[in-house]
Amino acid sequence: MSAVDHGGVVPDKPDFAEFYAAWFRPLTHQLFAHTGDLAEAQDVVQEAFCRAWPRWSTLDDPGAWVRRVAWNLATSRWRRARRLLHLTRGAREEHSPGPGPDRVALRAALASLPERQRQAVVLFYLADVSIAEIAELTGAAEGTVKSWLHRGRAALALRLADDDVTTGQEVRSA
C-alpha cells in the first residue's frame, strides 16, 4: 500500500512499515559507527522513526529526513553528555565508607531466605508495609503472609546468631 498525499497516490513512496524495515538497520549501523554505542544508535534511530510517523504523508524524502533527525539527535545527546562531563569534572569526589559487617551479614541472611519470605520481611520491616497490603500485593492470604514473616524471622534469627558465633561476636539478647 502506498502513502497517500492529499487524496492522490504517490507511487515511489513505500508505506511506513516497508520503509522502516528497509532503513532501520542501515541507519543504526551508521549511527553506531558515529556514536560507538549500539544502544544509543538504536535509540536515536528509533526516535527519528517515531518523529517521522506523524509526518509520513508530508515527507518528500523520508530517508534523508529520518537520517538527518537521527544524526541531530545523536549530536544533541553527545553535546549534553559532554556538557554534563564538563560540569561534573570540577565537582569534588566524595567517598563513602563501605557497608559495615552487620549490614553485610543482614544482606547475606536475607539472600538466603526463599523469595516470598524475603519479600515479606523486606516489605514489612524495611518498607513498613502492612500484612494486608503485602497480601494484596502478592495475591496471597494474610495468614500466608504471617507464615512467611514467622518463618523468615526464625531463619534470620538462626542465621544471624550463627554468624555472631562464627565471627566471635557476643550474641545480644533483647
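Everything discussed here concerns the structure shown above.
What you see is a predicted model, and the numbers here were worked out from it, not measured in a lab.

Each value, and the rule that gives it
Residues numbered from 1 in each chain as written. Predicted model: local features only at pLDDT ≥ 70, side-chain atom pairs only at ≥ 80, totals over all residues. Heavy atoms only, no water. Helix = DSSP H or I, 4+ residues; strand = E, 2+ residues; numbered from the N terminus. Expected span 1.5 Å × (residues − 1). Buried < 20%, exposed > 50% of the residue type's maximum accessible area, 1.4 Å probe, protein only. Patch = residues over 30% accessible without salt bridge, like charges linked within 9 Å, V, L, I, M, F, W, Y side chains within 5 Å. Areas by Shrake-Rupley, 256 points an atom, 1.4 Å probe, with all protein chains shown as cover. Salt bridge = Lys/Arg side-chain N within 4 Å of Asp/Glu carboxyl O. Lys, Arg positive; Asp, Glu negative; His and termini not counted. Charge placed at Lys NZ, Arg CZ, Asp CG, Glu CD. Axes fitted to C-alpha atoms, helices over the stretch in contact; angles between N-to-C directions. Parallel < 35°, antiparallel > 145°, perpendicular 65-115°, else oblique. Left-handed = near helix turned anticlockwise from the far one by under 90°. Contact = heavy atoms within 4.5 Å. Nonpolar A, V, L, I, M, F, W, Y, C, P; charged D, E, K, R; others polar.

**Focus on helix α5 (residues 115–126)**
Compared with the 16 Å implied by 1.5 Å per residue over twelve residues, the 16 Å span of α5 between its first and last C-alpha is a close match. Of all the residues in α5, the buried ones are Gln-117, Ala-120, Val-121 and Leu-123. Just beyond α5, the residue with positive phi is Asp-128, at close to 55°.

**A closer look at a positive patch on the surface**
A contiguous patch of positive charge, built from Arg-79, Arg-80, Arg-82 and Arg-83, is present on the exposed surface. Relative to the assigned elements, Arg-83 resides in helix α3 (residues 62–89).

**Structural notes on the pattern of salt bridges**
Tallied over the full model, the rule gives three salt bridges. With a closest N to O distance of 3.3 Å, Glu-40 and Arg-77 form a salt bridge. You can see Glu-40 sitting in helix α2 (residues 38–52) and its partner Arg-77 sitting in helix α3, a full 37 residues away along the chain. On the accessibility criterion, Glu-40 (21% relative accessible area) is partly exposed. Taking the relative accessible area as the measure of exposure, Arg-77 reaches 27% and is therefore partly exposed. Note that Asp-43 and Arg-77 form a salt bridge whose closest N and O atoms lie 3.9 Å from each other.

**A closer look at the packing of α5 against helix α6 (residues 131–138)**
Two elements in contact, α5 and α6, have axes whose closest approach is 10 Å; the angle formed by their N-to-C orientations is 140°. As judged from the angle between their axes, α5 and α6 are oblique. Regarding α5 and α6, the two cross each other, and that crossing is right-handed. Counting all contacts with α5, which are made through Arg-116, Gln-119, Ala-120, Leu-123 and Phe-124, the residues of α6 involved are Ile-131, Ile-134, Leu-137 and Thr-138. Looking at the contact of α5 with α6 residue by residue, the classes come out as six nonpolar, two polar and one charged.

**A look at the side chain of Gln-117**
Structurally, Gln-117 is set in helix α5. Judged by its relative accessible area of 12%, Gln-117 falls in the buried class. Sequence-distant contacts of Gln-117, defined by excluding residues within four places in its chain, comprise Trp-148, Arg-151 and Gly-152.

**Re the side chain of Thr-28**
You can see Thr-28 is positioned in helix α1 (residues 16–35). In this structure Thr-28 touches Leu-38, Ala-41, Gln-42 and Val-45, once residues within four positions along its chain are discounted.

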